[in-house]
Structure formats: C-alpha cells, structure tokens
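Topology and contacts: notes
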Amino acid sequence: MTISYSDDVAKSTTWNFFKLLFRWKGSLWKVLWAELTLWLTCYTLLSLIYRFLLTDAQKLTFESIVKFWANFTGREFVSLTFILGFFVSLVISRWWDMYQSIGGTEKMALHIASYIEGDDEETVTIRRNIIRYMVLVQAMVLSKLSHPVRRRFPNMEALKTAGLINDTELHAMNNFESIHPKHWLPIYWAMALIKQARKDEKIASDTYVIDLYSKLSDYRGGLGKVSSYMSVPIPLAYTQVVFLAVRLYFVIALIAEQYLLSGNTKQPEIFVKFAVDLYFPFATVIQFLFYVGWAKVAESLFNPLGNDDDDIAVNNIVTRNLQIGLAIVDNAVDKVPAQIRDPYSN
Amino acid sequence: MTISYSDDVAKSTTWNFFKLLFRWKGSLWKVLWAELTLWLTCYTLLSLIYRFLLTDAQKLTFESIVKFWANFTGREFVSLTFILGFFVSLVISRWWDMYQSIGGTEKMALHIASYIEGDDEETVTIRRNIIRYMVLVQAMVLSKLSHPVRRRFPNMEALKTAGLINDTELHAMNNFESIHPKHWLPIYWAMALIKQARKDEKIASDTYVIDLYSKLSDYRGGLGKVSSYMSVPIPLAYTQVVFLAVRLYFVIALIAEQYLLSGNTKQPEIFVKFAVDLYFPFATVIQFLFYVGWAKVAESLFNPLGNDDDDIAVNNIVTRNLQIGLAIVDNAVDKVPAQIRDPYSN
Amino acid sequence: MTISYSDDVAKSTTWNFFKLLFRWKGSLWKVLWAELTLWLTCYTLLSLIYRFLLTDAQKLTFESIVKFWANFTGREFVSLTFILGFFVSLVISRWWDMYQSIGGTEKMALHIASYIEGDDEETVTIRRNIIRYMVLVQAMVLSKLSHPVRRRFPNMEALKTAGLINDTELHAMNNFESIHPKHWLPIYWAMALIKQARKDEKIASDTYVIDLYSKLSDYRGGLGKVSSYMSVPIPLAYTQVVFLAVRLYFVIALIAEQYLLSGNTKQPEIFVKFAVDLYFPFATVIQFLFYVGWAKVAESLFNPLGNDDDDIAVNNIVTRNLQIGLAIVDNAVDKVPAQIRDPYSN
Amino acid sequence: MTISYSDDVAKSTTWNFFKLLFRWKGSLWKVLWAELTLWLTCYTLLSLIYRFLLTDAQKLTFESIVKFWANFTGREFVSLTFILGFFVSLVISRWWDMYQSIGGTEKMALHIASYIEGDDEETVTIRRNIIRYMVLVQAMVLSKLSHPVRRRFPNMEALKTAGLINDTELHAMNNFESIHPKHWLPIYWAMALIKQARKDEKIASDTYVIDLYSKLSDYRGGLGKVSSYMSVPIPLAYTQVVFLAVRLYFVIALIAEQYLLSGNTKQPEIFVKFAVDLYFPFATVIQFLFYVGWAKVAESLFNPLGNDDDDIAVNNIVTRNLQIGLAIVDNAVDKVPAQIRDPYSN
Amino acid sequence: MTISYSDDVAKSTTWNFFKLLFRWKGSLWKVLWAELTLWLTCYTLLSLIYRFLLTDAQKLTFESIVKFWANFTGREFVSLTFILGFFVSLVISRWWDMYQSIGGTEKMALHIASYIEGDDEETVTIRRNIIRYMVLVQAMVLSKLSHPVRRRFPNMEALKTAGLINDTELHAMNNFESIHPKHWLPIYWAMALIKQARKDEKIASDTYVIDLYSKLSDYRGGLGKVSSYMSVPIPLAYTQVVFLAVRLYFVIALIAEQYLLSGNTKQPEIFVKFAVDLYFPFATVIQFLFYVGWAKVAESLFNPLGNDDDDIAVNNIVTRNLQIGLAIVDNAVDKVPAQIRDPYSN
C-alpha cells in the first residue's frame, strides 16, 4: 500500500509538515528503528569496553585507532550525498514509470462499451470476456514479478478458482505448446473477439477496430515495460556500491565517532572535538537518520511490486481492474440519462 | 492562485529582479517570517540566559557545548544544498506535470462545435451536456484531491446545486452500484452522446467519432494522472528526511552559532570566529533564508492543489472550463465572419 | 533577438572559443558591466575609508569585522554553484520548451495548400484567411505575454491596422460575450472554414479534415503552453532565494574581501592571505564573473519573450509566420515543375 | 545475460540487501577482484621496498614524495564523485533506451494473426515469412553491432544455415547492388507481402495496412536507434577523461597512501594520519570499492550488446523473437476458446 | 566523422578501456596537446625567470604572489566540476537530439515504394523525385548550418551540378519571390507529386496520402529542429562563463602552482606543499587533463555539424540519403522473392 499524505499538507505550513514526523506507516522511523537500535547497541558496547575493560595501554591504542579512522569520516569519506542523490533519482524515475505502466481496464472498458453494440447474451459475453482476458494477462504477468500477487495466484489453478480463466480456456492455453510465457494468448483472444464482433457488424467501422487494438496493445506494452524493469534491474554492482557505501560509513563511524577520555591532546582541532565528554553520539545519529533514511527510500522503491509500505498495491489494482471493467461494459451500456438542458443556457 | 511575475522581468535588469524582493504574496518573506521569528526568539533567549543567568562554571560548560556543536554545522553537516537540490527538482517536475494534466475543455469544445452539426434543441443540448459532463468529472475528481474544491463541492448535492449535474443524472449515478469511484460515468455519458450523434448523422464520419473519443480519453487520462500524483506521493520517508535535515540544522545552529564571550581561546580558527562580540547571528540568518526558503519552495509545491499562494487555482479552472466550453459549443457554432480577402494579397 | 554563434565554433579550437570572448551583444560583459562597476566602486570607497579616514582603533574594529565575515565567504557560504546549477537547468529547460512551442504556420500552410484545392477567389481567400487567423491568434496571445509584441499590437485596433483582422471579424469578436480571452475564436473560424471547404468538396476526404484540425490543435496547444509557462512561472520564492544568494554573497564580499594593512597577525592561514598588499580584489572579481554571470544567464532566459539580447524575437516570428504562410498557400499551389528524370538513374 | 535480483528484495529489509553482497555474477566483487589484487600487489611491493630496501636518506626522500602527493588525494583531487555521477547517469539512460529499442515480434505477430486472414498454405507462409523477415533484419543489424550475435551469425551463410533466409532470398539480396547495408530489404519484403495480402483481400481494410506498416516502421526505427547508439557513442574524450580520472587517482594513491614509519613530524594534521602504524590501506581499499566499482558500472553498460554479465542477452532475444513470433502467427490464428459467461455476472 | 569505439569495449575489461587511451582520433590527447604544450611552455618560462633572472628581493615578492594565488586554486576556486557537469549534460542532450533529428530517407522510401504503384516512366520519376526533393531540402538547410556542407554546396549552382536540382526546378524556385528561405518548396513539390499520384489512382487510399504526408512532415520538422538548435544556441554568456572559468583557472595556476625554492616557511600546510623541490607540475597537469579535457568535450559537441572529429558526418548522411533512397524506390519495387515455407514449420 502506498502511503498517501498529500492531503495533510494542502496548506504547507511547517506545522503540517511537522505533524508528518509522527506518522509510523511508511515513515523514516519504521524503516530505521531496527538498524539504528543495532548500531547504537554496538556503539555502546564498544564504548563500555573502552571505558571499563581496556588497560591504559590498550586505551591509547584504541584512541589511536579512533583518531586514525576519524580522518576518514565526515567530509573525507566518499561523498554519500551525491551517490545517494544520483541513485535515488534513478530509482524514483524507474519506480514512477513502473507505476504508470501497470495499466487499468477503465479506458478499454469505456471504448468497448461504446464500440461493441448489442444486448444479447453473446455480445455481453464478448464484452465481459475481453475485460476478463485483460485482467487475466495482468494477473499472469504480475504473478511472475510480484510476491503478493504470486501468493494470491501461485499457479493457473488459482486463476481458475478466482474465475479469471475457465476450464476451456485453461485447456486451450495448455494445449498451446511453447517454451515461452503465454501472456500474449489472452490478448490474442481479446483481439479475436473484437475481430469477430466486427465481422458480425457489432462494431460499426474498421477504424474502431484499430482503436481498440491500439488500446489493447498499449495495455500489453505497459505490462511488458513493467516486466522489463523487473527483469533488467539497475546493475547489481551499482546497488552494491550504494548499499556498501552507506553501511560501511556507519561501521567506520562505530569506531571513529567514539568519544575519547583523553582530551589532552595537542592538536587544536581534535581538542575541540573531544573536549566535551559525551556519551551519546548525537551528531552521528543525525547523520544516520539522513543517510540511511535516504538509502532506505531507494531500497524500498527498488522493487515497487513487493511488500513494503510504499510498494504499489498490485493485488488491489488487479481486483479493481476486474470489478470496474466488468461494471462498465455490463451495466453502463446505453444507459444514458435523458438529456435535459443545463441551467446555464439563456 | 499562482503568482505571476514573468512580466516584471521582461527586461532582465538587476533592478527588475531587485524589485521582486519587495513583493509579499508568494514571497520568501511571507513563507519565512513566522519560522524565522520563532528561531530568533529562541536564539535570543538562549543568548540572554548564557550571558546573564549562568554562573561562570556553567558558562564554561555552555561554551564547551557550543564549540562541540559548532563542529557539526556549516560544511561538516549533511550537505543540505544537495538534498534540497535533488528534492526540489523532483517536486518541481511533479508539480509541473500535474499542472499540465488538469485539462481544459477548450480543445474538446472547438471540436464538438465543429463535428456535431445542427441548431435544433436536441443537438445544442448534446453539445452543451458533453461539456458539462467533462466539467462534472473534473469537479468530482478534484473534490477528492483538493481542499479548495472540496470546500466548494463537499458532496454530490453541491454539484447539483451548482448545476453541474441534474436530478436524473444524479439518480442514474446513484443507481449504478459500484464500490469504486464513478468518475468514468460522465465520460461514458459523453461518449454515448457522441455515438448517438453519429447514429443520427449529426457527425459526418466515424473517424470524427474516434477523434472526439481520443480527446475525451486524453482529458480523462490527465485527471487520472493528477489522481496518481496525489495518491502516490513522494515516499513519506524521503519527505521526512528533507524536512528533518533542514529543521535539525537550525535547531543545532541555535546552540552552535551562539557568540561566546570568551574569545581568549588558543585555537586560531575559533579565535577569529568569536573575536567580534556580536549579538545578531547575521550569517546564520542568511543561511536560514536560503535553506529554509528553498525547503519552503518544495513544501508549498508538494501539494499544488492546496491553499498555498503558489498552488494552482483549481476552482477557477473548473469555473473557466464550464464557461468557456459552453460559450464555444453554444454561441460560436457556424458563426463565421464573411470571408474577405486580406490586404496583403496582390 | 537570440544571439547565434554556433557557426563561429564549427571547428572547436580554443582560438575560436577565445574569439567569442570579444563579442558584446548577449555577452557576459554586456550583462555584467554595470553591476561590476557598481560593486568595484563600493569596494574602493570602503577601502579608501579604511585606509585614510579611520583612526587606528577604528581600523582594528574594521579588521575584526573583515576577519569575521571572511569566515563566511568562499566555501563556508551557501553553495552557490549548486543552487545556480539546479536553477539554471530548470530555467533553460523551460526556455527551450517555450521556444519550441511558439509555433509556425509553415507546416499548416503546406497541408492547406495541398488539401484545399481550387484557384477560384473563394478558395484562395479561405486558404489565406486560415493562415491569417493562425497569425492573428498568435499575435493576440503573445501581446498578452510579451512586451515587444504588446508594444507592436497594444490593442485590437492595432491588429486591425496591421491587417490581421478586418472590421467584420473584429465586430464578430466583440459581439461574442465572454469574460475570458477569445483566443480560440480565430481558431474556430479556421476550423469552420475547413469544414466548409470539406462540404464544398474542396477537401477530398474526412481524414484530411482531421489531419488539418489536429495541426491547428497542436498550434493552439503550443501557444497555450507558452501561456502556461508565463502565467505559472517558477515560484517567486525560488527566484528570490537564488537572486538573494548571489547578490548577498557579493555584498558580504565587499567587506570580507578587503585587503588589510596589518598582515602581522598570528594566524598562519590568514597570514598568507593578507601578506601581499594588493589594491584590486582579483579573485573576487573572477568569482563575480562566474557567479553573477551564471545568475544573469538564468535571469535573462527567465522571461524569454522580453527585451533581452537572448530573448526570442517574437515579433519577427509573427511577421515571418504571416509572410511565409501566405506565400505558401497562395503562390505555390499546384505549381510543380515538370517532372524530369534525375541524372542518377541508369 | 542481465542479472535479475529484484525479486530478492521484494521486502526491502537490510538483511535482503545484505544478502545481495554475497552474489558473484554481475557483482562488484567479480568486476573488481582483478584490478584490486593488482593494486594491492603494487602497494605492498612499494611498501616493502620502502621499509626494507631503502636507506635512511632514501626513506626521507620517499616520505617527502608521499607527503607531497598526499596533498592531492582525497578532497583535493578532481571530484570523482561528480564526474562519475554525471557519466553514469548518461550511460544508464543510453543503456536503458537501447534496451527498450531492440524490439520484439510479439506485437506485430498478434496484429498479423488478426489482420491477415486465411488458413491456406499461401497465407500461412506470408504470415510466417513476415515474422521471419523481421527476425532476419534484427539478426543482420545486431551482427554488425554485437560480438555475441556476430559470433553466432558471422555472415549471411550462417543466417541461411540458421534458416532465417533461404537461397532465393539470399540471391535476391546479393543481386541488389548497393554500397550501403541492405537491412531495409527484408522490411521491404514484409511490406510487399502485406500489400499483396491487401490486394488479395486477405486484409480487410487500408487502415489495417497502415497499422501494420507503422508497427514494422517502429520496429525498424528501434533497430536504427540501437545502431545510432552504437555508432555514435559518447565522445571518446569524455570516456577517456572518466577512465583516466578514476585510474590515475589510484595510481597516485599507491604512493600517497603509503603509511610512513616516521610519525614524528611536526604538522598536527599529518601526525594523526600517520600515528597508527598500519600495513593495510583500509580506507583506500574502501574508496577503491566505491570509485572503481562505480566506474565499472558505467564501463560494463557502455556497450550493452557485449559479453558482460550485465549485457543484454541479444542472442536470446533473437531466438525468442523467432519462436514466439512464428508460434503466434501460426498456431493461434482463429483458435479462440468457446465463449462462456464468467462467474462474476449476476 | 564520429568516432566509433563501442565495439572495442564489448567486453568491459579494464584492459579494453586502457587500450582506448592509445587512440588518437577524437581523443583527449588530440584535443589537448596544443593547449597543454602552450601552458607548459609558459609555466617553464615563468619558472626559469623566477629561478635564474630574479633578484632575491624580487624572488620574495614573486613567492608572495605565488602564495597569494595558491589560496584561490584547488578547492577554493569556483567549483569547476559542477559548472562543467551541468554544461556538458546540456550540450550532450542537445547534441544527441540534433543527431537524431537530421533525418533519413529510408523510411519514406520504403513507404513510397509500397504505396505508389506502377513501373511506367512517369511513376518511377515521381518516386525518384520525391526522394531527390527530400535530399535537396536537407542539403539546402544543412548548407546554411554546417561548414562542411557549405563547402560542398556553396550555392544553388553547386546543388544543380550535383544533380539535386535541375534547371526547371531552379528556375521555379528563383521565380518564387520571398525574402524567407524556401526550404519548404521542395517539400511542397513532393506533397504535390503525392497528391497527383493519388489523383491518378497510383495511390490506393486517402489514408496512405496522410501517412506519406506525415512522414514528410516529420522529416521537415527534424530539419527545422536542427535549425533551431543551431540558430538558438546556448546563451552566449553561459558559454563564456564556462570557457572563462576553465581557462582562467589554469592562467592562475601558471603562477599559483609554481614550486618555490624557499621551503623554509613557518606555515605547516604550505611547508609540505613546497617541501619537495620539483620541476614538473604533475598534479596541475593531471587537473589540466580532466578539466580542459572535459571542457573540450562540450566545445567539440557544441556545434556538431562542424569539422571536429566527433562531429556528425553530415555530408555522408546527405549522400547516403540520396543513394539509399533512390535505390529503394527504384530497384526494390515489387521485387519480392518467391515465398517459400520456412524450415521451422512442422
């Protein structure tokens, strides 16, 4: 389920945005709490060991190591902001395009309802089945790509049970020998129904046929695009680089950001840093919120067909496509209210 | 209401841009004054406490804390400029696409006026109602998404009162059982009217029908896109990261940017910083203008259908769509001036 | 007038690009000289006051202030490069899209000349008037948006004088009651003429009508896009942030970059900076060229329909559209050279 | 073969992303191990020479050199992150566009199966051959661009052996004299077959012909785009700049990041850096992972038709296009399951 | 001629990319050697003057100046990487769009060959001349924009000699009075030929005419886009800013990067820098490679129709368009191999 909150910031006061901080679902806090707890635990353990278990000599060595690594955090490290900036931009543009490509049946249903005329059983069945075939192919494609859809429709039997395909059709599909996925087959059936409707003069013009075909083709193309995005992801090495960069930064920070007991060093810069004996790494926790939080945004949008809070509710989309598509082609046809002049005309 | 000022900088002199600084509506000052006042008040309070209430020992501790946090402001902090740069780019591209997708009736009206011929009552009503249905669906969709439109049209009754839907139609709509929104229904009615007009030979060709359908479909698609942008916003965690980054920076700056009385420190860098005993944090206020100002740009464009100065005047768009659409299909039809040769021909 | 210089760098030698530096029109120098002179004058005045008017005690205070502000210039200031980078990218993409959307009559004229057949007075007038109406609507829209076009066509009378609209048409337009702009009216007339031509069998096919309509619609859509860009500019606060950031940087630099007499300070870093007693702030002037120059690029493209050197020559476009459009539909029709076999055939 | 792993991060837990680190194919480790080993070997050799072979005087010189170059690594060097950020963005957008442009036969096959009617031998052959010609032209174009396809189809003979072209056709192609590639010829044959089918009334309407032509044209256009991307790559100098920047950085680091024995220097900054006597350049290896890893992403996507793990499996695409295309036009035609009412209707 | 090298990096090994460094044409070295040599000469001269000609007092002054400017190089200077990053992105996106817009005749030729039927002299001439007119208009437009094309076709006479236009046509073109370019005239002729072919029933359907017209229109639109890019370049001031920023950086570096004899300064930072007495400015030369190399990429793509190694081979495109276009419409027509069943069918 995507998390909608646009409405809460209709008026962009700071107060409205501030309230957003107290949401849990899909929030920074929800994605971060586990990792942050782990990090703080490790940090505290290290700190306790240093303060209570180490001998003075060991403390000196430890402090040397801390000072050594402190040189590589902050601005001396690889520039996390940019790596994340470029990566998040890429992930977000892919996520949005994927979301836009999943496709709905509403447009097709409106055109079918308008182009394919007739109230007899056969025509009604044709109209309904075209919609059903569209939803069937969507369910078939998405069950290959999306965990939640796969759980709902683990195999063709499940689709049959759900009423998306019947015995005859399943038989026909199984009879069709091909080592490749047969996602195109229901699309072909829909096209054949349209062709038949044209032959039976249920569709008034060849150009209407082309219009319906092109809408079907866009729908299939959108699903193909979603497939492409899923099967050809951002190269693994890129994802690894970003994941590693962020996580290693904080592994190093575990040591580098330890507060040292001995502030009596001669280097003025270092001095200020370690002058205040603190126990909680405020600054690093703030960095953690930003960097890991930002990385989490990318990670949760990486596979937008999954189970994350921000992921697209694909199962709902499939259900909605079937219900609204059937409703349109079935009930609406030719039921237009009597035309009455509007009150604005003079 | 969006704030137009392009005309004031037709000639891009510095003076023209300078004058922009003195505008209030939609300005940096208007979005910033409240927060800036709050920040300055807190800063002054802290400063007064430090100077007049603390003992010398407490002052030393306070100064330590100031020096500690001073290490994390400025360039050592998370790079605000980039986070904001990437985020603002994303928000602005969504905002512009949303604005472009809201749709108008002008194009459709021109084509209806041209394609659907006849001056009899029935034809005129058809033409007017197609436009009305388009505006109706826009009002229905936007009342789900936009505060100002929701205030104007809180329910279907309000739409009836406004004359966008009549009793018969409202009845038909309520009769149609569906758990999903019925935004497509007026679109379907419009398509059915076009189909009827074609059957009655009011439209001369099938290809004209397809042309009208595709314009209707684009219009519906635009509204669908606006819906998508509103219901699938930028992931919450991303917005939280940006909001937090900017606000926490200035919470830290409250302490870190305090001017210290004791300039007699030994560190040369720090020395210069605290050498001038100042009372007003000029530099931080300047940073506040930039960072919070920039963040505010993103925040006010985040929900462009809301109440901010820069938000799209959606109610005006709905009204204008109805008025201009009806004006075109009603008055203009077949009223072309007598054709006279232009003065350029030889 | 846009400044064309692509041809001068056909061969991308450094010498060719170097020569570009000596151009005046649209150049960095032209946009910068006034502001730079002002800045240098202020800088010199401050410098003279410091060196000759201040007492020694005052000098010390002044130097403290200089050193204080010197901490906030250079890399410690808000990152101008990024703010400018993101802003200039946004402005340039809007500018280019606007330029591409202004539209020409050439494409339409070629199709009119081809589709609408006949050499009789009536047909010729139809062809010419469609073009004239297109130019008329362009002039009407642009006179709302662009200073130079507004100066040329301040009102409908001016359009009549220019021959873009005649009395009958102006009368018809005035008779049409609407509180909204009537830019669509000439488009409607053009559509009505096309429809009439189809009815009189001057156009051979319905699909040709749709083709002409869609070209008209694209043309109108382009003008609408230009309107959108002008009436919904980049949010004011964003422009203010960028303008302020750049200008404040150099106001601060007026003080911060003063050369100090007393080089005998103890801080090593500062020492080098003030060791050479210079009178001219070379480095800051170079920064001025870059930052203010870059900001000026954005500012002059901000309203590309204005009077800047780089602005689009909208008046020329209007004139050209009329002349070339009329020339095509009038003279060219059916004047094809006798077809002779080309020399390449064997 | 592209590496699919989207499914493994359906739930974006850190653990799921962490597991990605242990994959080998297409991973950071696989692309980096050779170069990293080489770098570490050189580093160790230099280190051993410095520690055991050099005299004290030589050591001093060596240390001077190390300190000298140490000034140019880290943040003082050219900003690798940005150069890489911009370059990788460019490479990725080209890679993705290329991948989307390679084209499939599925869409065309569905339309052929629907538009071209008849079960006689001639019609079946026409349908099959149109698909075969499409695959033929893809194989011809890709064998010019892609190593793996070239290995599979080194010449026209290989295409004949593979059954993509027969003797008659090869003869016809050879007879056609042209110094330019003849990739368009099979496309033309396909168009001619469609035209013939229309003449023989196997295709019911002229608009269907245009629909088929436009799909063929898109297919050809996609292949042309792939050709463009391959023959007009990112300018060589840009690639060289990026390659050099990353590699030179680590050549310099070989020296600059050597740990020095003499920590007793007077400069405080340097002191901390060399205080810990370490043997393994942890920090530089981490930088190596990020910078070279990121560069490798760009390098392996640079030519996505090659042999890298992340490259597109072009040979599979060609095979799949033939199999699925033929399957659709051959078996599917007119085999629609008997239409049964779905279980949702009431 | 663009430089193709994608094939050499089919396997993205470091070795393959390393070999790219040794290419000359279009390489970094070729674009840089002259400027680098000049820079090194100036640098050496300055160095020699300082070491051998200056008195000790002058040396001290010189060293002061060096130290002064040294503060403004490196990270203290304007951020070259970003300015270049944004600028190169802009130039590359314009370059690629321009390249894609130049247009070919292949698509049009295939459609002409298919739509315009007949083998008589007149029909063949029509087909050939449409192609010739397309190439003619391309040559006319490009000779206005591109040096190499202008050299080949300096005037209309040269086009006549080349056989692209004959006497009758040239006469007709000259007779047509217009102060504007007449690039549209050959397009109009081509449209008129298509119209004539339709009237003579050589084209079977009106929709085919529209299809041909739209392809012609796209072709003309592409050339218009190229014209736009050339006549409305990136604003001059922007180009000047980038050019100046890069070049001034290295003019300053001439002084700032001089190695000083007197390393015995007290400032620790400076000390390390000047500790090693070196004669060759390694680090600055490396920066030169990156910054000037990157700027050169932008500069050579700035006018992609020029004479640079990376520029588009426009003359070849014109020639190829004529040859392949004529070959298709002439030889190919109706020469389809006898249809034989493929070996895959069972």
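Just so you know, the residues in each chain are numbered from 1, in the order the chain's sequence is written. The naming scheme follows written order: chains are lettered A onward, ligands numbered 1 onward. Restriction of local features to residues with pLDDT of at least 70 applies here, the model being predicted, together with a cutoff of 80 or more for giving and counting side-chain atom pairs; totals for whole chains, interfaces and linings are based on all residues. Water and hydrogen atoms were dropped before computing side-chain values, which therefore reflect all heavy atoms in the structure.

1. Considerations on the interface of chain B and chain C
A common way to report how large an interface is uses the accessible area buried once the components associate. Convention followed: Whether two residues are in contact is decided by their heavy atoms: any pair within 4.5 Å suffices. As a working definition, buried area equals the accessible area (1.4 Å probe) given up by two parts on being put together, with both sides summed. Put simply, a salt bridge is a Lys or Arg side-chain nitrogen that is within 4 Å of an Asp or Glu carboxyl oxygen.
With 87 residues of chain B in contact, the opposing surface of chain C contributes 91 residues. Summing both partners gives a buried area of about 8,000 Å² for chain B against chain C, and 66% of it is carried by carbon and sulfur. The interface formed by chain B and chain C includes two salt bridges. Arg-220 of chain C is paired through a salt bridge with Glu-106 of chain B; the nearest N and O atoms lie 2.9 Å apart.

2. Thoughts on the interface of chain A and chain B
Threshold: Polar contact is defined as a pair of N or O atoms within 3.5 Å, subject to the rule that within protein one atom must be able to donate a hydrogen and the other to accept it, and that residues adjacent in sequence are counted only when both atoms are side-chain atoms. We count a stretch as a helix when DSSP gives it H or I for four or more residues in a row; a strand needs E for two or more, and each element gets its number in order from the N terminus. Gly counts as polar in this scheme, as do all residues outside two lists: the nonpolar Ala, Val, Leu, Ile, Met, Phe, Trp, Tyr, Cys and Pro, and the charged Asp, Glu, Lys and Arg.
Of the residues lining the interface, 87 residues belong to chain A; the matching set on chain B comes to 91 residues. When chain A packs against chain B, the two sides together hide about 8,000 Å² of surface, and 66% of this comes from carbon and sulfur. For the interface between chain A and chain B, the tally reads nine residue pairs in polar contact (both at pLDDT 80 or more). Listed by contribution, the elements that provide at least two residues to the side of chain A that touches chain B are helix 1 (14-20), helix 2 (28-53), helix 4 (80-101), helix 5 (106-115), helix 11 (206-231), helix 13 (268-275), helix 14 (282-302) and helix 15 (314-332) of chain A. Of the residues assigned to the side of chain A that touches chain B, the class counts are 48 nonpolar, 22 polar and 17 charged.

3. Comments concerning the relation of the copies chain B and chain C
The condition that has to hold: What sets the superposition is a least-squares fit of C-alpha atoms, and only residues with pLDDT of at least 70 in both copies go into it.
With an RMSD of 0.1 Å, the operation that places chain B on chain C is a rotation of 72 degrees combined with a shift of 0.0 Å along the axis. Within this description, the copies of the chain are treated as partners about a five-fold rotation axis. For chain B, the minimum C-alpha distance to the rotation axis belongs to Thr-207 of chain B and amounts to 5.9 Å. Of the interface residues in chain B, just 6% have counterparts in chain C that sit at the interface too, so the contact is made through distinct surfaces.

4. With respect to the relation of the copies chain A and chain B
Superposition of the two copies of the chain requires a rotation about an axis and a shift along the axis. Rotating chain A by 72 degrees and moving it 0.0 Å along the rotation axis overlays it on chain B with an RMSD of 0.0 Å. An asymmetric contact is evident, with only 6% of the interface residues of chain A recurring at the interface of chain B.

5. Comments concerning the packing of aromatic side chains
To keep things clear, this is the line we draw: Stacked, tilted and edge-to-face pairs are distinguished by plane angle, under 30 degrees for stacked and over 60 for edge-to-face with tilted covering the rest, among Phe, Tyr and Trp rings (Trp via its six-membered ring) whose centres lie within 6.5 Å. Think of it in three bands: with a 1.4 Å probe and only protein chains considered, a residue is buried below 20% of the maximum accessible area for its type, exposed above 50%, and partly exposed in between. For a ring to carry a charge above it, either NZ of a lysine or CZ of an arginine must fall within 6 Å of the ring centroid while also lying within 35 degrees of the normal to the ring plane.
Applying the stated criterion across every chain, the model contains 95 aromatic pairs over all chains. Here Tyr-249 of chain A and Phe-250 of chain A contribute two aromatic rings whose centre-to-centre distance is 5.0 Å and whose plane-to-plane angle is 75 degrees, an arrangement assigned as edge-to-face. Relative accessible area serves as the criterion here: at 3%, Tyr-249 of chain A is assigned to the buried category. Phe-250 of chain A gets classed as buried once you look at its relative accessible area, which sits at 3%. Taken together through their ring pairs, the aromatic side chains of Trp-39, Tyr-43, Tyr-249, Phe-250, Phe-288 and Tyr-291 of chain A make up a single cluster. Geometry around Trp-96 of chain A places Arg-94 of chain B over its ring, the cationic atom sitting 4.6 Å from the centre.

6. Comments concerning the packing of helix 3 (residues 56-70) of chain C against helix 12 (residues 236-256) of chain C
Residue and element names in this part refer to chain C. Rules: Axes here mean lines fitted to C-alpha atoms, for a helix over just the part in contact, with angles spanning 0 to 180 degrees between N-to-C directions. Any angle that falls under 35 degrees is termed roughly parallel, while one over 145 is termed roughly antiparallel, one within 65 to 115 roughly perpendicular, and all others oblique. Less than a right angle of anticlockwise turn of the near helix away from the far helix marks a crossing as left-handed, whereas a clockwise turn marks it as right-handed.
At a minimum axis distance of 8 Å, the contact between helix 3 and helix 12 shows a crossing angle of 140 degrees. One finds that helix 3 runs oblique with respect to helix 12. Crossing geometry of helix 3 relative to helix 12 is assigned as left-handed. Contact residues: helix 3 offers Ile-65, Val-66, Trp-69 and Ala-70, while helix 12 offers Ile-252, Ile-255 and Ala-256. The class makeup of the residues in the contact of helix 3 with helix 12 is seven nonpolar, no polar and no charged.

7. Thoughts on the confidence of the model for chain A
Residues and elements named next belong to chain A. Stated formally: Values of pLDDT, which run from 0 to 100, indicate the predictor's confidence residue by residue.
Residue-level pLDDT values for chain A average 84, and 91% of them are 70 or greater. Scored below 50 in pLDDT, residues 264-275 shows 21 contacts in the model against residues more than four places distant or in partner chains. If you check the scores for this complex, the pTM reads 0.91 and the ipTM reads 0.90.

8. So, the environment of Leu-289 of chain B
Checked against the element boundaries, Leu-289 of chain B lands in helix 14 (residues 282-302). Remark: the alpha-carbon pair of Leu-289 of chain B and Trp-29 of chain B, spanning 260 residues in sequence, is separated by 8.6 Å. For Leu-289 of chain B, the contacting residues outside a window of four places in its chain are Leu-28, Trp-29, Leu-32, Leu-36 and Trp-294 of chain B together with Val-241 and Leu-244 of chain C.

9. Examining the side chain of Thr-123 of chain E
All names here are of chain E. Here Thr-123 shows up in helix 6 (residues 121-145). Classification of Thr-123 by relative accessible area gives buried; the value is 0%. In contact with Thr-123, other than residues within four places in its own chain, are Ile-116, Glu-117, Gly-118 and Lys-202.

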